[in-house]
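What follows is the residue order along each chain.
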Amino acid sequence: MKKGLEIRLYPSKEQRVLIDRTLGCSRFVYNHILALKKELWEDYKSSFNPNLKSFKEEWKFLTKVPSQALANSYMDCLQAYNNFFNSIKKKTKQDIKYPKFHKKGQKDSFRIACTYSKKGIGDIRIEDKEHIKVPKLGNVKFKNYKDVDWSQVHIYNITIKKTPTDKYFASICCELSEKEYIEPKFYSCGFDLGLKDFCIFDSGQVIENPKYFRTSQIKLAKEQRKLNHCTKGSSNYKKQKLKVALIHEKIKNQRKDFQHKWSRQIVNENQVIISEDLNVRGMLKNHKLAKSIADASFSSFCDMIEYKSKEMNRTYIKISTFYPSSKLCHCCGYKNTTLKLADREWTCPNCHTYLDRDNNAALNILQEGLKILKCRNTVGISTGSDKSLKPVDTGYKSNLEQEPVIASGFTTCHAGKSTVFSS
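Residues numbered from 1 in each chain as written. Predicted model: local features only at pLDDT ≥ 70, side-chain atom pairs only at ≥ 80, totals over all residues. Heavy atoms only, no water.

Caption draft 1: Quick look at the overall build of the chain. Regarding its fold elements, the chain presents ten helices and 16 strands. The 423 residues of the chain split such that 40% are buried. Long-range pairs, those at least 24 residues apart, make up 66% of the contacts in the chain between residues at least 6 apart in sequence. Within the structure as shown, the chain displays about 24600 Å² of accessible surface, and the carbon and sulfur contribution to it stands at 51%. (Helix = DSSP H or I, 4+ residues; strand = E, 2+ residues; numbered from the N terminus. Buried < 20%, exposed > 50% of the residue type's maximum accessible area, 1.4 Å probe, protein only. Contact = heavy atoms within 4.5 Å. Areas by Shrake-Rupley, 256 points an atom, 1.4 Å probe, with all protein chains shown as cover.)

Caption draft 2: Structural detail: the pairing of strand β3 (residues 125-128). Note: β3 against strand β4 (residues 131-134), three bridges, orientation antiparallel. Among the inter-strand pairings, Arg125 is bridged to a residue of β4, identified as Lys133. Where β3 folds back onto β4 in an antiparallel hairpin, the turn is made up of two residues. (Pairing = 2+ DSSP bridges.)

Caption draft 3: Region of interest: the nonpolar core. Residues Leu9, Ile132, Trp150, Ile158, Ile160 and Ile172 are the most contacted members of the largest nonpolar core, which totals 28 residues. Broken down by secondary-structure element, the contributors of at least two residues to this core are β1 (2-10), α1 (13-44), β2 (108-113), β4, β5 (138-143), β6 (154-162) and β7 (168-175). With four residues, β7 is the single largest residue contributor to this core. The next biggest cluster of nonpolar side chains, apart from the first, holds 27 residues, and it includes Tyr212, Ile247, Ile305 and Met312. (Core = buried A, V, L, I, M, F, W, Y, C linked by side-chain atoms within 4.5 Å.)

Caption draft 4: Representation of the sheet that holds β4. Spatially, β2-β6-β7-β1-β5-β4-β3 is the arrangement adopted by the seven strands of the open sheet, whose pairing is antiparallel. Bordering the open sheet on either side are β2 and β3, each of which pairs with just one other strand. Here the average twist between neighbouring strands, direction ignored, is 40 degrees. (Axes fitted to C-alpha atoms, helices over the stretch in contact; angles between N-to-C directions.)

Caption draft 5: Up close: the pattern of salt bridges. Taken as a whole, this structure holds 13 salt bridges when the rule is applied. Glu6 is the salt-bridge partner of Lys256, the closest N and O atoms lying 3.7 Å from each other. Residue Lys256 is found in helix α6 (residues 235-269), and its partner Glu6 is found in strand β1; the two are separated by 250 residues along the sequence. Looking at Lys256, the relative accessible area reads 34%, which means it is partly exposed. Owing to a relative accessible area of 27%, Glu6 belongs among the partly exposed residues under this scheme. Here Asp358 and Arg344 are joined by a salt bridge, their closest N and O atoms 3.1 Å apart. Residue Asp358 is found in helix α10 (residues 357-379), and its partner Arg344 is found in the loop between β12 (315-319) and β13 (345-347); the two are separated by 14 residues along the sequence. Exposure remark for Asp358: the relative accessible area of 13% places this residue in the buried category. Owing to a relative accessible area of 28%, Arg344 belongs among the partly exposed residues under this scheme. Counted as one network, the salt bridges with shared partners bring together Lys3, Arg264 and Glu311. (Salt bridge = Lys/Arg side-chain N within 4 Å of Asp/Glu carboxyl O.)

Caption draft 6: The packing of aromatic side chains, seen in detail. Applying the stated criterion across every chain, the model contains 14 aromatic pairs. Where Trp41 meets Phe85, the ring centres are 5.0 Å apart and the plane angle is 70 degrees; that geometry is what we call edge-to-face. Remark: Phe85 occurs in helix α3 (residues 67-88) and Trp41 occurs in helix α1; sequence separation between them is 44 residues. A relative accessible area of 17% places Phe85 in the buried class. Within the aromatic cluster, the residues linked to one another by ring pairs are Phe191, Phe198, Phe201, Tyr212, Phe258, Phe298 and Phe301. (Phe/Tyr/Trp six-rings, centres within 6.5 Å; stacked < 30°, edge-to-face > 60°.)

Caption draft 7: Spotlight on helix α9 (residues 298-311). The terminal C-alpha atoms of α9 lie 20 Å apart, and with 14 residues this matches the ideal 20 Å at 1.5 Å per residue to within 8%. Where α9 terminates, the next one or two residues include Asn313, which has phi positive at roughly 60 degrees. (Expected span 1.5 Å × (residues − 1).)

Caption draft 8: Quick look at α3. Look at α3: 32 Å from first C-alpha to last across 22 residues, which is about the 32 Å you get at 1.5 Å a residue. Of the positions making up α3, those classed as buried are Ala69, Leu70, Asn72, Ser73, Tyr74, Cys77, Leu78, Tyr81, Phe84, Phe85 and Ser87. Contact partners of the buried residues in α3: α1, α2 (52-58) and β2. Looking at the residues trailing α3, positive phi occurs at Lys90, about 65 degrees.

Caption draft 9: The arrangement of the sheet that holds strand β11 (residues 270-276) in detail. One open sheet accounts for five strands, arranged β10-β9-β8-β11-β12; its pairing is mixed. The open sheet has two free edges, formed respectively by β10 (206-208) and β12, since each of these has just one partner strand. Taken over all neighbouring pairs, the strand axes of this sheet differ in orientation by 20 degrees on average, direction set aside. Taken together, the five bridges between β11 and β12 define a ladder with parallel strand orientation. Bridging across to β12, Ile273 finds its partner in Tyr316.

Spelled out as structure tokens, the structure:
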């Protein structure tokens, strides 16, 4: 199983200087190649890949850093440039923008591939539980993952990055043995994501939205106001900029910790996990809710559930973005076309069931996901969490008011509640 492990580095003073120099040289190579290709295309409408060796002959300081870092930066620039033109020619489904110049202090990183000798010893390896050997850097002290047996880990490459708060991290791409299968407590669960409550399950369990950015907003605004009054480039400006970066880093770490804990619990407890495929990019266009949507970070939460489901051999299903989960009554299938965003509760005029908007949506998501799973199993499609598997036609008609409840043989037992769906 290929996976990336992130560790915190504690380099010495000399190692810090070399890392910073490598970051600067990698950024220089990327920006210079992009500028040459941009100028050549605008003037002559032609493409040409410059030789990296000529750069080292012209600028001698490039020879004092790891050559693999410069080569990977060179290849990344060419790949980004080719991806943009492939997007224009409709060779890819993604809409890729023109590559931007790299700015100092933003996503500073470089990558080094691990090469192995005939004896199978790599130049990037874990010497002990506290030191990792990197070419030209030597042994660098690190923390995290003390329970991993590094002798059984095959390392492919390492990406060293520096944060705006002057901290160093390394992401190790390696091959790990698959985790032991943990028997889930429940067969399936469906959940709906929201802003008032972060997550609402079909069982009625609710995860409150912590709103980390909102709670730190006043303190952040105060520090940003002080930064605005400082002279740009002065020592006080750098000190104040670090304070602002620390607040942003704390918000990021709080959100990451919250989502990791809940995603791990959801994956460990359920065999089948069903959620809605949200169009977050489209939702962010609503300027009244954009800040709250960005603070919740739905996409990263679903991504965590997806890769953890693959690790634990769970099934993760996303239903269609346009499925009207909030407007359908989970008891009779009646569609309330007049339901507004402000309506948090409503009564079904067909079966007179009192419905909570979010809990009703979670129940509908669960029913729809189980039907998709049943269709996949019937036609022999893999039930793994794969983005290439699009939601199949569930057989819903345009007149959903006349549609009966979907019959299913699955039983959901999540958070102590059993619900059997039957027609």
